[in-house]
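What follows is each chain in one-letter form.
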Amino acid sequence: MQLTFLEKPESRIETGDWTFNGVSTRELTHCYHDYPARMIPQVAGKILDLFGHDAKLLFDPYLGTGTSLVEGMIRGINVAGTDLNPLARLIARAKTSVPDLRLVDRHIGKFNKFVFDYTPSPLVVSPTIQGVSRLEFWFKKGVIEKLYRLREFMQSVEDASSRLFFQVAFSETIRESSNTRNDEFKLYRYDAAKLAAFNPDVFTIMSRKLQRNRAGLEKYLFIIKNFKNAPVANVYDFNTVMGIPQEYITPATVDIVVTSPPYGDSHTTVAYGQYSRLSAAWLELKEPDKIDRKLMGGVAAKKGTRFNSNALNSAIERIYTIDKKRALEVSAFYSDLLASISNVAQIIKPMGYACYVVGNRKVKGVVLPTDIAVKDFFESCGFEYVNTFMRSIPNKRMPLKNSPTNAIGVLDSTMTQEYIVVMRRAPARSVFFRLPNTSARA
Ligand SMILES: C[S@@+](CC[C@H](N)C(=O)[O-])C[C@H]1O[C@@H](n2cnc3c(N)ncnc32)[C@H](O)[C@@H]1O
């Protein structure tokens, strides 16, 4: 019998439960900063334990806050990733950097003294924060003053890694002391009653974040310092839809990709730009407000695309019969996903893995089979299918339904599950023919 390289050990792997109900997802530097649609570290970790044994380089094309990067680093793997959201990059850099804990402690000491010595000194005029036109709409006057003084303090932190450590705590302090509802990813101002009673203690919020993050950092450093060669992290800002700069990552060098792409375009799913806007403006990050259009599917297509995925085509066709505009928006998202996958495929080594954690969202009542689309897209780039693991997401109020991934557009429980799609690049021809034990497996 002719064997393909996918007569694979993976089919015999015990994969266990992917739910991770009740486990803490905020250990190590994972405790640093909230973010929409974060991957839980246990999923990235389990993927790496199953498929990343000998990996030397991990890549994440949608790194967000760097969950998969941190999980790679604590396994001694060099990591790289990209994200178009500058706040995400800042958090990811902070989570993967390896600062000197004594320096961080020294700066925390200085911060405590700064708070102890603080005497209110009202600002004569409200500062201008580029990217936030109505500062006093989003923050109370006293809050603006303290954030402003805090930012001045942080500018005195010279060590870059320590400053990053302070910046992520500052970002969360901005979110929590703003007049916005914290349980929302979009910017919604508190109603009048809530606003009247809202009196956040800026310095106490910052102090708590610093303490929590320091505890996570200490545990993370303990692990990283045990490696003879400390793993290295690189966080980039290129768009894999457009290409992957060879000066950063050369073709066929990545052992494993572990990533969770956005569920859909920012306008109709998660508005990452809006989520990040206030923090990014205070932190003077580039283009705080304009990223949503640049993210996947940010610009609607003028005409539909036929994809090399029958399941995806039939779902989009069904949406088209209900709402043409939405169908074109959906189509634009998958065009970007396909372009990104085609580029990502080239940087993966022969026999290297692509592991995509995706959700199958519903548009106009039609389930979009993103898991199948990812499989089909990678197959068209010379990859073979390894497996799809289904993960039930705990703590959702909707009842869980069993959602076989080939039942297109019929099920209702889309976002209570996510799919971990694992693909493997075909071996280079020469390597394939030299495999010594191929016949032994027959
Ligand atoms: C689901 S989140 C990733 C979350 C991440 N796994 C974590 O645990 O924090 C998707 C990310 O994709 C980013 N993104 C969307 N389109 C992008 C693109 N074309 N290039 C790079 N990043 C993009 C968004 O900014 C967002 O941070």
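Everything quoted here is computed from the prediction, not taken from an experiment.

1. Details of the overall build of the protein
Moving on, step 1. Helices and strands together make up the secondary structure of the protein, namely 14 helices and 9 strands.
Moving on, step 2. Counting the 442 residues in the protein, one finds 43% classified as buried.
Moving on, step 3. Counting only contacts in the protein whose residues sit at least 6 apart along the sequence, the fraction spanning at least 24 positions is 76%.

2. Overview of the packing of helix 6 (residues 141-155) against helix 7 (residues 160-177)
Moving on, step 1. Close contact between helix 6 and helix 7 brings their axes to 11 Å; oriented N to C, the two are set at 175°. When the axes of helix 6 and helix 7 are compared, the pair comes out roughly antiparallel. Mapping the contact onto sequence places Val 143, Leu 147, Leu 150 and Met 154 in helix 6 and Arg 163, Phe 166, Gln 167, Phe 170, Ile 174 and Ser 177 in helix 7.
Moving on, step 2. Of the residues in the contact of helix 6 with helix 7, the class split is 7 nonpolar, 2 polar and 1 charged.

3. Side note on the site of the ligand
Moving on, step 1. Contacts to the ligand come from 21 residues, most closely from Tyr 62, Gly 64, Thr 67, Asn 85 and Leu 295.
Moving on, step 2. When the residues that make up the shell around the ligand are grouped by side-chain class, the tally is 11 nonpolar, 8 polar and 2 charged.

4. Re the packing of helix 11 (residues 310-322) against helix 12 (residues 324-347)
Moving on, step 1. Packing of helix 11 against helix 12 brings their axes to within 7 Å, and their N-to-C directions diverge by 155°. One element, helix 11, and the other, helix 12, form an angle in the roughly antiparallel class. Together, Leu 312, Ile 316, Ile 319 and Tyr 320 of helix 11 and Lys 324, Arg 326, Ala 327, Val 330, Ser 331 and Tyr 334 of helix 12 make up the contact between the two elements.
Moving on, step 2. Considered class by class, the residues forming the contact of helix 11 with helix 12 number 7 nonpolar, 1 polar and 2 charged.

5. Some details on the pairing of strand 3 (residues 233-236)
Note on strand geometry: in a regular strand, side chains alternate between the two faces of the sheet.
Moving on, step 1. Of the two faces of strand 3, the one holding Ala 233 and Val 235 is buried and the one holding Asn 234 and Tyr 236 is not buried anywhere.
Moving on, step 2. As paired strands, strand 2 (residues 78-82) and strand 3 are joined by 4 bridges and run parallel to one another. In the sheet register, Gly 81 faces strand 3, and the bridge partner there is Val 235.

6. Digging into the environment of Gly 66
Moving on, step 1. On the secondary structure map, Gly 66 appears in the loop between strand 1 (57-60) and helix 2 (67-73).
Moving on, step 2. Owing to 31 C-beta atoms within 10 Å, Gly 66 belongs among the buried residues under this scheme.
Moving on, step 3. A C-alpha to C-alpha distance of 7.6 Å links Gly 66 and Thr 96, two positions 30 residues apart in sequence.
Moving on, step 4. Excluding its chain neighbours within four sequence positions, the residues that come into contact with Gly 66 are Gly 81, Ile 91, Ala 92, Lys 95 and Thr 96.

7. A look at the confidence of the model for the protein
Low pLDDT marks stretches whose predicted atomic positions should not be read closely.
Moving on, step 1. Across the protein, the average pLDDT comes to 89, with 88% of residues at or above 70.
Moving on, step 2. Looking at the elements of the protein, mean pLDDT is at its lowest for helix 14 (residues 429-434), recorded as 47, and at its highest for strand 1, recorded as 99.
Moving on, step 3. Note that pLDDT drops below 50 for residues 1-6; the model gives that stretch 9 contacts with residues more than four away or on any other chain.
Moving on, step 4. In this model residues 430-442 is a low-confidence stretch, pLDDT under 50, and it forms 8 contacts with partners more than four residues away in sequence or in other chains.

8. Focus on the environment of Tyr 356
Moving on, step 1. Within the element layout of this structure, Tyr 356 appears in strand 5 (residues 348-358).
Moving on, step 2. Under the C-beta neighbour-count criterion, Tyr 356 is labelled buried, with 28 such atoms within 10 Å.
Moving on, step 3. For Tyr 356 and Met 423, which are 67 residues apart along the polypeptide, the C-alpha to C-alpha distance reads 8.5 Å.

9. Notes on the pairing of strand 1
Moving on, step 1. Going residue by residue along strand 1, you find Leu 57 and Phe 59 tucked away on one face and Leu 58 and Asp 60 tucked away on the opposite face as well.
Moving on, step 2. By the bridge criterion, 4 bridges tie strand 1 to strand 2 in an arrangement that is parallel. Its bridge partner being in strand 2, Phe 59 is matched across the sheet by Ala 80.
Moving on, step 3. After leaving strand 1, the chain enters helix 2 and then returns to the sheet as strand 2, a path that is right-handed.

10. Quick word on the nonpolar core
Moving on, step 1. Ile 47, Ile 91, Ile 256, Val 257, Ala 354, Cys 355 and Ile 420 are the most contacted members of the largest nonpolar core, which totals 114 residues.
Moving on, step 2. No other element matches the 11 residues that helix 12 contributes to this core.
Moving on, step 3. In terms of domain composition, this core takes at least three residues from each of domain 1 (9-85 + 230-271 + 288-441) and domain 2 (101-221).

11. Here we look at helix 7
Given 3.6 residues per helical turn, the α-helix brings residues three or four places apart onto the same face.
Moving on, step 1. In a regular helix each residue adds 1.5 Å, so 18 residues correspond to 26 Å; helix 7 covers 25 Å between its end C-alpha atoms and thus fits that length.
Moving on, step 2. A large share of helix 7 lies buried, amounting to 13 of its 18 residues.

12. Structural notes on the sheet that holds strand 2
Moving on, step 1. Spatially, 3-2-1-4-5-9-8 is the arrangement adopted by the 7 strands of the open sheet, whose pairing is mixed. Bordering the open sheet on either side are strand 3 and strand 8 (383-392), each of which pairs with just one other strand. If you compare each strand with its neighbour and ignore which way they point, the axes differ by 15° on average.
Moving on, step 2. As paired strands, strand 8 and strand 9 (residues 417-425) are joined by 9 bridges and run antiparallel to one another. Each residue of the ladder has a partner; that of Phe 389, found in strand 9, is Ile 420.
Moving on, step 3. Across the sheet, helix 13 (residues 370-379) lies against strand 5, strand 8 and strand 9, angled at about 10° from strand 9, the strand it touches most.

13. A short note on the environment of Asp 105
Moving on, step 1. With respect to the secondary-structure elements, Asp 105 resides in helix 4 (residues 101-117).
Moving on, step 2. For Asp 105, a count of 13 C-beta atoms within 10 Å gives the class partly exposed.

Scoring rules and cut-offs
- Residues numbered from 1 in each chain as written.
- Predicted model: local features only at pLDDT ≥ 70, side-chain atom pairs only at ≥ 80, totals over all residues.
- Helix = DSSP H or I, 4+ residues; strand = E, 2+ residues; numbered from the N terminus.
- Buried ≥ 20, exposed ≤ 12 C-beta atoms within 10 Å, placed from the backbone.
- Contact = placed C-beta atoms within 7 Å.
- Axes fitted to C-alpha atoms, helices over the stretch in contact; angles between N-to-C directions.
- Parallel < 35°, antiparallel > 145°, perpendicular 65-115°, else oblique.
- Nonpolar A, V, L, I, M, F, W, Y, C, P; charged D, E, K, R; others polar.
- Near = placed C-beta within 6 Å.
- Pairing = 2+ DSSP bridges.
- pLDDT = per-residue confidence, 0-100.
- Right-handed = clockwise from strand over helix to strand, strands pointing away.
- Core = buried A, V, L, I, M, F, W, Y, C linked by C-beta atoms within 7 Å.
- Domains from an automatic or database assignment.
- Expected span 1.5 Å × (residues − 1).

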